[in-house]
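Structural characterization, general
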Amino acid sequence: VMTGVGAEDDIPLGERKTVTDFCYLLDKSKQLFNGLRDLPQYGHKQWQSYFGRTFDVYTKLWKFQQQHRQVLDNRYGLKRWQIGEVASKIGQLYYHYYLRTSETSYLNEAFSFYSAIRQRSYYYQVNKEDRPELVVKKLRYYARFIVVCLLLNKMDLVKVLVKELSEEIEDYTQRFNTEDQLEWNLVLQEVAAFVEADPVIILNDDNTVVVKSNRLQEGGVPQLEPGMVVGQLTLADALIVGNCNNQVKFSELTIDMFRMLQALEREPLNLATQTTTKPGTLVREDSYTLPVSLTEPSEKPAKRENPHKYLLYKPTFSQLYTFLSASFKELPANSVLLVYLSATGVFPTGRSEFEGPYDFGGVLTNTNRDVVNGETVQKRNQAQKEMHCLHPGDLFPFTRKPLFIVVDSSNSTAYKNFSNLFGQPLVCLLSPTVYPKSMQDQSQHGSLFTLFLYNPLMGFLSVCGLTSMHQGLWDKAQEFLGKVSHDIGQMLTSSRAIDQAFLQFYGDEFLRLLMIRFVFCCATLRLHKLFREARSFPESYPQLPKQEMVENSLLQKHILELAAMLDVQNLFSDSMLDNY
């Protein structure tokens, strides 16, 4: 390991010990980091202490290379890319900590480390070495940095990084005649499509694009008011499942999953104010001080800010069931499990005399991972039911605890045939199954229904065919939508006919917003002239009272006012007039 002039004996003992200690920490850190892959991805308990140990070793390693940089340069031949690798691993640790806890502050920490690597050009020398595997480390670093920037809505930076990554890939494929050129070009195409997926852009006065966060803002939810009788349940866990055949995706996130996960997170205060990309406090070159949380990832925040989430991209049935069971098992008292399914519909093959919870089809689960020869054994014509499908009946066992289901699929209505067997609160919000011809080509950029649940104004503009808007008008429309949301909240809580389940979930801010946005979506599509078929309207189980909710005259008046504000009133039928 030692480099430098003369025999090893010339190296002072202290310096030799420094190198040995460094090698020990480096090995230990790699060993622990690789061990993270083997931890079960579900369950809250098992991973926490292991993560803590890994953080500890990386903290020591990082501080050690700062304190002994001179010796390590001279005696070990420490290269800048090696420091970059350590920083990149710390960024990955933070990102995985975010995935496991849903605490957005860890995304900020990952961002700090990733941007420090770029600002200090840690990987700069890699291109001069004749080792393709080092260049791949650099490319992977870029891909990871882009994911974190997407999640933090730093779209300007994403565009810059994509340009840099594209140049790096070109350089890499020219220098080394590699097999993976197509894969890397696919990465570029995916992220480009992802960035373009938002149907509406908001412009400043000087026509530059403004990026808005869609996480839950302080004061962004209609408050509970005296006299409202609602449940005390809290959304604790969410499974976000993406399995649409042709939807834009990056990494293991489809655009629908990406939108839904943000709809279930609060805007962290430091994210809202943090516009600069400067990491932490730079004491001197390369000594990015580690935040306290690296050494001490808190066991549990006093009150969890966001519900814990599992992101499942194209899961098989057994994976989906395993995560469902783990969530169900660990669900605290007075808590809700949310299951969000954005997936291709699976329709029943035959008709049976008796119509039960396995007779309507459901949504697609993936086939390629857990069935080796099941496909060939199960002859299609003998099969009674679809095997690679999450049927409504598959969710029945989990209705023993409060369950909130959102299905965005061409067969979402299969989940109307639910039965509440155990008397626990249960609600399913179901997407339209057919969209008007003119809107069908949009689906690969994300579903309209999920768009409404994520950003109702963007959903509204999208069905009106508006693709850009100035910030002044956007803010005015958002403010108006705030009033509309307040009124929908009043309708939900004062209705005599509404099913109690909606009220039991209303106490939780995230679920309250989803229900309010759902009602807004239903009412908007019912008034829109292009939406004519019943199948083009969202539905719910239990059903909402039509007259009081989705066809409420006050709500319809609001929608027409919003349309007038945006100059698209000709797209909506004024039912007030139609009635005469």
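Residues numbered from 1 in each chain as written. Predicted model: local features only at pLDDT ≥ 70, side-chain atom pairs only at ≥ 80, totals over all residues. Heavy atoms only, no water.

**Examining the pattern of salt bridges**
Just so we agree on the cut-off: Salt bridges are defined by distance alone: a side-chain nitrogen of Lys or Arg within 4 Å of a carboxyl oxygen of Asp or Glu. A run of H or I in DSSP counts as a helix once it spans at least four residues, and a run of E counts as a strand once it spans at least two, with each numbered from the N terminus. Only protein chains enter the accessibility calculation, which uses a 1.4 Å probe; a residue is then buried when its area is under 20% of its type maximum, exposed when over 50%, and partly exposed in between.
Inspection of the entire model under this criterion finds 20 salt bridges. For Asp171, the salt bridge goes to Arg175, with nearest N and O atoms at 3.5 Å. Taken together, the residues span about one helical turn, with Asp171 and Arg175 both in helix H7 (residues 155-175) at a distance of 4 residues. What makes Asp171 partly exposed here is its relative accessible area of 26%. You can call Arg175 partly exposed: its relative accessible area is 32%. Between Glu539 and Lys416 there is a salt bridge whose closest N-O contact spans 3.4 Å. Residue Glu539 is found in strand E14 (residues 539-541), and its partner Lys416 is found in the loop between strand E11 (403-408) and strand E12 (426-430); the two are separated by 123 residues along the sequence. A residue is classified by how much of its surface remains accessible, and Lys416, at 34% relative accessible area, is partly exposed. When salt bridges with common partners are traced through the structure, they connect Glu85, Lys89 and Lys137 into a single cluster.

**Describing the sheet that holds strand E9 (residues 362-364)**
Note the following rule: By the convention used here, strands pair only if DSSP detects at least 2 bridges between them.
Read from one edge to the other, the open sheet built from 3 strands follows the order E8-E9-E10, with strand pairing classed as antiparallel. Each edge of the open sheet is held by one strand with a lone partner, namely strand E8 (345-346) and strand E10 (389-390). Relative to E9, E8 runs antiparallel, the two sharing 2 bridges. By the bridge assignment, Gly345 is partnered in E9 with Val363.

**Comments concerning the sheet that holds strand E13 (residues 468-470)**
Let me state the cut-off plainly: In this analysis, two residues are considered to be in contact whenever any of their non-hydrogen atoms come within 4.5 Å of each other. As a rule, the C-alpha atoms of each element are fitted with a line to give its axis, helices using only the stretch in contact, and angles between N-to-C directions run from 0 to 180 degrees.
Read across the open sheet, the 3 strands follow the order E2-E1-E13; overall the sheet is mixed. Only two strands of the sheet have a single partner each, and these edge strands are strand E2 (209-210) and E13. One ladder, built from 3 bridges, connects strand E1 (residues 201-203) with E13; its direction is parallel. Residue pairing for E13: Ile202 is matched across the bridge by Met469. Contacting E1, E2 and E13, helix H17 (residues 471-494) crosses the sheet at an angle of about 90 degrees to E13.

**Some thoughts on helix H12 (residues 317-330)**
We apply this condition: The span one expects for a helix is its residue count, reduced by one, times 1.5 Å.
An ideal rise of 1.5 Å per residue puts 20 Å on 14 residues; H12 measures up with 20 Å between its terminal C-alpha atoms. Within the span of H12, buried status applies to Leu320, Phe323, Leu324, Ala326, Ser327 and Phe328.

**Things to note about the packing of aromatic side chains**
This is how it is decided: Pairing of aromatic rings covers Phe, Tyr and Trp, the last counted by its six-membered ring, and requires centre-to-centre distances within 6.5 Å; plane angles under 30 degrees mean stacked, over 60 mean edge-to-face, and any other angle means tilted. Cation placement over rings: the criterion is NZ of Lys or CZ of Arg within 6 Å of the ring centroid and within 35° of the ring normal.
On inspection of all chains with the given rule, the structure shows 33 aromatic pairs. Measuring from centroid to centroid gives 6.0 Å for Phe452 and Phe520, while their planes differ by 55 degrees, and the two rings are tilted. Of this pair, Phe452 sits in helix H15 (residues 448-454) while Phe520 sits in helix H19 (residues 509-527), and the two are 68 residues apart along the sequence. Residue Phe520 is classed as buried on the basis of its relative accessible area, which comes to 4%. Each residue in the set Trp47, Phe51, Phe55, Trp62, Tyr94, Tyr97, Tyr106 and Phe113 is aromatic and connected to the rest through ring pairs, giving one cluster. Geometry around Phe328 places Lys401 over its ring, the cationic atom sitting 4.5 Å from the centre.

**A look at the packing of helix H6 (residues 132-151) against H7**
Working note: a packed helix pair is described by the angle between its axes plus the distance between those axes. To keep things clear, this is the line we draw: Orientation labels follow simple angle bins: below 35 degrees gives roughly parallel, above 145 gives roughly antiparallel, 65 to 115 gives roughly perpendicular, and whatever is left gives oblique. By definition, turning the near helix anticlockwise from the far helix through less than a right angle yields a left-handed crossing, and turning it clockwise yields a right-handed one. When residues are sorted by character, Ala, Val, Leu, Ile, Met, Phe, Trp, Tyr, Cys and Pro go into the nonpolar class, Asp, Glu, Lys and Arg into the charged class, and all the rest, Gly among them, into the polar class.
Look at H6 against H7: their axes get within 10 Å of each other, and the N-to-C directions meet at 165 degrees. If you check the angle between H6 and H7, you find them roughly antiparallel. Like other packed secondary-structure pairs, H6 and H7 cross with a definite hand, here left-handed. Side by side, H6 and H7 meet where Pro132, Val135, Val136, Lys138, Leu139, Tyr142, Phe145, Ile146, Cys149 and Leu150 of the first sit next to Met155, Leu157, Val158, Leu161, Val162, Glu164, Leu165, Glu168, Ile169, Tyr172 and Arg175 of the second. For the contact of H6 with H7, the residue count by class is 17 nonpolar, no polar and 4 charged.

**Considering the confidence of the model for the chain**
As a reminder of what qualifies: Along the chain, pLDDT gives the predictor's confidence residue by residue, from 0 to 100.
Model confidence for the chain is summarised by a mean pLDDT of 87, while 87% of its residues fall at 70 or above. When pLDDT is averaged over each element of the chain, E11 comes out on top at 98 and helix H13 (residues 374-377) at the bottom at 41. Of the regions scoring below 50 in pLDDT, residues 271-302 engages in 67 contacts with residues more than four places distant in sequence or in other chains. Scored below 50 in pLDDT, residues 369-379 shows 15 contacts in the model against residues more than four places distant or in partner chains.

**A closer look at the pairing of E11**
In terms of residue burial, E11 counts as a mostly covered element, since 6 of its 6 residues are buried. Of the two faces of E11, the one lined by Leu403, Ile405 and Val407 and the one lined by Phe404, Val406 and Asp408 are each fully buried. Examined bridge by bridge, strand E7 (residues 335-343) and E11 share 6 bridges and lie parallel to one another. Its bridge partner being in E11, Tyr340 is matched across the sheet by Val406. Where E11 and E12 come together, 5 bridges link them in parallel fashion. Its bridge partner being in E12, Val407 is matched across the sheet by Leu430.

**Concerning the environment of Leu514**
You can see Leu514 is positioned in helix H19. With 85 residues separating them in the primary sequence, Leu514 and Leu429 have C-alpha atoms 9.0 Å apart. Those residues within four positions of Leu514 in sequence are excluded, and the remaining contacts are Met260, Leu264, Leu338, Phe404, Leu429 and Leu453.

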